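Chain by chain, the residues run as shown.
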Amino acid sequence: AAVLALFWPGGPPRLSSATVAVASSTTEPAYAATCLENLPVSPERGETVADLVDHRQIYPGSKGRQHFPALQRETGVPFDQMLFFDDCTYGDNCGDVARSCPGVACVRTPHGLTEALFDAGLAAFARGERGVLDAVKDAVK
């Protein structure tokens, strides 16, 4: 939630124009929506993760062949302007997205998204790095 709080008004100007999307291949999309709507980001203000999310692609399917192309069509954001953080440990969503959606910057976060990984991903993205950014994990050890 600490990383997501950076997107609230008053957060860093560099994130003020960012579009936030979520993609999940869960077999329980209704439950995932309930989680987004109830996971607090700012409990004192009553704000949840759902309040930060501009676009959702939550249904069984491939991140690279279904979710990201759908997000691109929905948002009009080119793949080379997308940064993807993924905590999956049972598959390779980052590899799938990098192969299917050339230009997306993909960061593996198997232990969760920390502020350090988020900042390292943003820095690599700003340097023009794309594909699977394995060097990002080394930057935060």
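Residue indices begin from 1 for each chain and proceed along its sequence in written order. Residues qualify for local features only when their pLDDT is at least 70, as the model is predicted, and side-chain atom pairs are given and counted only at 80 or more; totals for whole chains, interfaces and linings, by contrast, use all residues. The side-chain figures draw on all heavy atoms in the structure; neither hydrogens nor water molecules are used.

### Overview of helix H5 (residues 93-100)
Restricting attention to buried positions, one finds in H5 the residues Asn93, Cys94, Gly95, Asp96 and Val97. On its buried face, H5 is in contact with helix H4 (63-75), strand E5 (83-86), strand E6 (105-108) and strand E7 (131-132). Exposed residues in this analysis have more than 50% of their type's maximum accessible area, buried residues have under 20%, and partly exposed residues fall in between, with area computed by a 1.4 Å probe over protein chains only. Each helix is a run of DSSP H or I of at least 4 residues and each strand a run of E of at least 2, with the numbering of both proceeding from the N terminus. Contact definition: two residues touch when any of their heavy atoms are within 4.5 Å.

### Observations concerning the sheet that holds E5
Adjacent strands of a sheet form backbone hydrogen bonds with each other and so pair up, either parallel or antiparallel. Strand order in the open sheet formed by 3 strands is E5-E6-E7, with parallel pairing between adjacent strands. Among the strands making up the open sheet, the edge pair consists of E5 and E7. Being paired, for any two strands, means DSSP has found at least two bridges between them. As paired strands, E5 and E6 are joined by 4 bridges and run parallel to one another. The residue bridging leucine 83 from the neighbouring strand is alanine 105, located in E6. Between N-to-C directions, angles cover 0 to 180 degrees, with each direction set by a line fitted to C-alpha atoms, over the stretch in contact for helices. Sheet strands in contact with helix H6 (residues 115-126) are E5 and E6, and its direction is about 150 degrees off that of E5.

### Concerning helix H2 (residues 29-38)
Each α-helix turn comprises 3.6 residues. Residues three or four places apart therefore point the same way. The set of residues buried in H2 consists of Ala32, Ala33 and Leu36. One side of H2 holds all its buried residues, which, seen down the axis, span an arc of 100 degrees. Exposed side chains of H2 directed beyond 90 degrees from the buried face belong to Ala30, Tyr31 and Asn38. In this structure, the buried side of H2 is in contact with strand E1 (21-24), strand E3 (47-48), helix H3 (49-52) and strand E4 (55-58). The directions considered for the arc are those from the helix axis to the C-beta atoms.

### Thoughts on the pattern of salt bridges
The salt bridge definition used is simple: a Lys or Arg side-chain nitrogen within 4 Å of an Asp or Glu carboxyl oxygen. Under the criterion given, the structure shown has 5 salt bridges. We note a salt bridge from arginine 108 to aspartate 92, for which the minimum N-O separation is 2.7 Å. Remark: aspartate 92 occurs in the loop between E5 and H5 and arginine 108 occurs in strand E6; sequence separation between them is 16 residues. Taking relative accessible area as the criterion, arginine 108 reaches 31% and is therefore assigned partly exposed. Ionic pairing is found between aspartate 134 and arginine 108, a salt bridge with its closest N-O pair at 2.7 Å. Residue aspartate 134 is located in the loop between E7 and helix H7 (135-139), and its partner arginine 108 is located in strand E6; the two are separated by 26 residues in the primary sequence.

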